[in-house]
Amino acid sequence: MPALRLEPTLPAPHLPVIDLAAGDSKTVGRTGHADITVDDPSLSRLHARLSVDTNGRLTVDDLGSTNGVFVNGAEQVRAALRPGDMVRFGQVEYLVSTQDTSRETDPVADEAFAGHTIVRRVAVSAAPKVDRIALEALLATSRELMAFSDLPALLDRVLERLDSIAKPDRAAILLVDAATGALVPRAVRPSGAYSSVSEFASSTVVRQALTSRDVFIVHDIKMDPRLQQAASVLAAGVHSVICVPLFGRAGPIGALYADKLGLEQFAPELAEYAAAFAGHAAAALETAQLYDDRERHFRATLEAFAKAIDARDHYTAGHSERVTAYTLVLARTLGKPPAELEIIRRAGMLHDIGKVGVPDAVLLKAGPLDPDERKAIERHVTIGHGMLESLPFLTDALPAVRGHHERWDGKGYPDKLAGTDIHPHARLMGVADSYVAMTSARPYRSALPVEEAARRLRADSGRQFDPAAIEIFDAMEERFAALREGPEAIAARAELLRPIA
Ligand SMILES: [Fe+2]
C-alpha cells in the first residue's frame, strides 16, 4: 500500500514534508511536544492529529487550535483526507498525495529518523517546482497586457494566457458592472460554455475569492462541503476550480474563473502563478475599462448629438434609429457576426451626423432645392466623415457614414463609387435609409404606404440599390413593415439598437 505524504504547498526549508504509513497517529504542532514540528507562529503548540487507519484512510483532527484546521479552504474539526486535498494548519498549507517511499529509501535518513518517522529531511526533489512554460507565459503576459487599450481584445488575450498557464476546460472573466455593481461575465471560453452566472462554480467560489482577496482553488469539488449545494457545477461535471480575484486601485473589479472537468486537477503551484498573473491582468483590465467607459460615454454623447440633429427637422425625428434598426435587420439576415453588427449599429446611429453642418435654411426648406442647396445637403456625408475620422473607435463605421448615398450605378455621392466598390455596410444602409425616407412624412408629401416603398426599392434594384441587398429586403419585407409603427415596433427597434458587443 502506498504511503501518504503531505507536502507544503509553499516550499520553505523549515517546513517538514510529512510521510505517514498505515497505523500512524501523529500530532502536529509548533513545539517539540508534537510528533511533527511545524515551526510557524500561526500553529498552536499542539495543533492537530493526523491518523491513518489500517486500511490507509487518513483523518485529521483539530486539537483545539487557535487558528483552525482547513481542508480545501473549509474549516474542519475532523475530516477525512484524500490525495489531492489541501489541508491547512493555521497559515501553513499542505497537499496530500500518495507516495511510494520504497524507491526513495535512504538508509541513513531512515536510521536517523527511526522512531520519528514522520519528519523527513527536505529532499532535493521537494525544491520549488518551477514550471518554465508557465513562468514564461506570465512574463510575456506582463509585458504585453499593458499595451492593450481595447477591452474586448484584452479580455480575449487574458483568457488566452490563462489557458496557457492553467489549461482549464472552461474559463471566464467576470467584471464588476460600474452601473449596477453586479458581476457580469464579459468573456467566456469556449464560447457558450456557461449559460448563466450561477454556473461559475456557484457564486460561492467567486464571492469567496473576492472576500478573501486571495486565489481560491478547489482541487476536488466533491470533497468541499461549501460546493455541495452547487447543483449546476456538479451537474456539469466540474472537478477542480480556480478563481482569482481582480483588484484595481479602488477595490474589486472582477475575477478570473477557470475549471476542469473530468478527473484532472489544477496543479498546486498554479495558485502562485495565478495570483501574479491576476495582478497584471487587473491593472491592464482596469486601464482598458477606463478607456472603454470613456469611449462609451463619448459615443453616447455623439449619438445624443445625432438624435438632436434628427430632431432639428421634426419630420425626420428618430430617423437615425430607424435606419440603424432596418440596416441591422438586413445585416443579421446575412449572418453578420456580432462585432460587425456593432460596427453597423454605430455607423447607423451617426450616419447623418454631418447634417449639423448643413444650414437650417437648406435642411428645413419645404420646397424644391436648387443645385447649390442640393450640394449643401450632399455635403453632410463628407462633413460627418470628417467629424468622426479621428476617433479610433469609429474607424470601422466610417465607410457607411461616408458611403450611404452612393448608388449601385455609380451616380451617387460623394465619391461616385459603383457596384461592389461601395462598402457592403453602405449598400445595406442605402436600402434602409431610402425605405425610412419613403415611409416617413415630408413637408411636401405624406408618408408612402409600405407596399409602395417596397415596390420602388425593387424597381431601383441594380440602379440605385445592390440587387443582393434588395433580395434580402424581399425576404424581410414583412419584418420591415412590422418595425414601422406602434408600441410593439418601438420595443422591437429598441431591442435591435442595444449595443451588441
Ligand atoms: Fe444621409
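In the block above lies the structure referred to throughout.
All of the points below concern the structure found in this document. Predicted model only: the values in this text are computed from it and were never measured.

This part takes up the overall build of the protein chain. Of regular secondary structure, the protein chain possesses 16 helices and 17 strands. Going through the 501 residues of the protein chain one by one, you find that 38% of them count as buried.

As a further point, take unusual backbone geometry. A cis geometry characterises the amide bond from Arg-189 onward to Pro-190, with omega recorded as -15°. For Pro-190, the location among the structural elements is in the loop between β14 (183-189) and α4 (202-212). Following Tyr-413, the chain continues to Pro-414 via a peptide bond in cis, the omega torsion being 5°. Looking at the element boundaries, Pro-414 is found in the loop between α12 (398-403) and α13 (424-438). Look at Arg-213: it is not a glycine, yet its phi comes out positive at around 55°. Mapped onto the elements, Arg-213 comes out in the loop between α4 and β15 (216-218). Even without a glycine there, the phi angle at Lys-416 is positive, about 50°. By the element assignment, Lys-416 lies in the loop between α12 and α13.

Where α13 contacts helix α15 (residues 467-482), the axes come no closer than 11 Å and their chain directions differ by 40°. In this view, α13 runs oblique relative to α15, as classed from their interaxial angle. In the packing of α13 onto α15, the handedness of the crossing is right-handed. The segment α13 lies against α15, with Arg-427, Leu-428, Val-431 and Tyr-435 engaging Ala-469, Ile-470, Phe-473 and Phe-480. Looking at the contact of α13 with α15, its residues break down into seven nonpolar, no polar and one charged.

When strand β13 (residues 170-176) meets β14, the two strands line up antiparallel, connected through six bridges. Among the inter-strand pairings, Ala-171 is bridged to a residue of β14, identified as Arg-189. Linking β13 to β14, which pair antiparallel, is a turn of six residues; within it Gly-181 sits at a positive phi near 80°.

We now examine the sheet that holds β15. Within the open sheet, the five strands sit side by side as β14-β13-β17-β16-β15. Their pairing is antiparallel. A single partner strand is all that each edge strand has here, and the edge strands are β14 and β15. Averaged over all adjacent pairs, the angle separating strand axes in this sheet is 15°, with direction ignored.

Okay, the nonpolar core next. Ile-242, Cys-243, Val-244, Ala-255, Leu-256, Ala-274 and Ala-281 are the most contacted members of the largest nonpolar core, which has 48 residues in total. Those elements giving two or more residues to this core turn out to be α3 (151-166), β13, β14, α4, β15, β16 (238-248), β17 (251-261) and α6 (270-312). A per-element tally of this core places α6 first, with 11 residues. Here Ala-281 is in contact with Leu-145, Val-158, Leu-246 and Leu-256, once residues within four sequence places are set aside. One finds Ile-309, Val-323, Ile-470 and Phe-480 within the second-largest nonpolar core, a separate group that totals 41 residues.

Sheet architecture is open: five strands sit in the order β4-β3-β5-β6-β9, paired in mixed fashion. The open sheet has two edge strands with one neighbour each: β4 (36-37) and β9 (78-81). Strand direction decides the pairing type here: strand β3 (residues 25-29) and β4, joined by two bridges, are parallel. Counterpart to Gly-29 in the pairing with β4 is Thr-37.

When you line up the elements, Ala-284 lands in helix α6. Looking at Ala-284, the number of C-beta atoms within 10 Å reads 24, which means it is buried. C-alpha separation for the pair Ala-284 and Leu-155, spaced 129 residues apart in sequence, amounts to 9.6 Å.

Bringing helix α11 (residues 380-388) into the picture now. What α11 keeps buried is the set His-380, Val-381, Gly-384 and Leu-388. Buried residues along α11 cover an arc of 100° about the axis, so they all sit on one side.

The rules we used
Residues numbered from 1 in each chain as written. Predicted model: local features only at pLDDT ≥ 70, side-chain atom pairs only at ≥ 80, totals over all residues. Helix = DSSP H or I, 4+ residues; strand = E, 2+ residues; numbered from the N terminus. Buried ≥ 20, exposed ≤ 12 C-beta atoms within 10 Å, placed from the backbone. Axes fitted to C-alpha atoms, helices over the stretch in contact; angles between N-to-C directions. Parallel < 35°, antiparallel > 145°, perpendicular 65-115°, else oblique. Left-handed = near helix turned anticlockwise from the far one by under 90°. Contact = placed C-beta atoms within 7 Å. Nonpolar A, V, L, I, M, F, W, Y, C, P; charged D, E, K, R; others polar. Pairing = 2+ DSSP bridges. Core = buried A, V, L, I, M, F, W, Y, C linked by C-beta atoms within 7 Å. Arc of directions from axis to C-beta.

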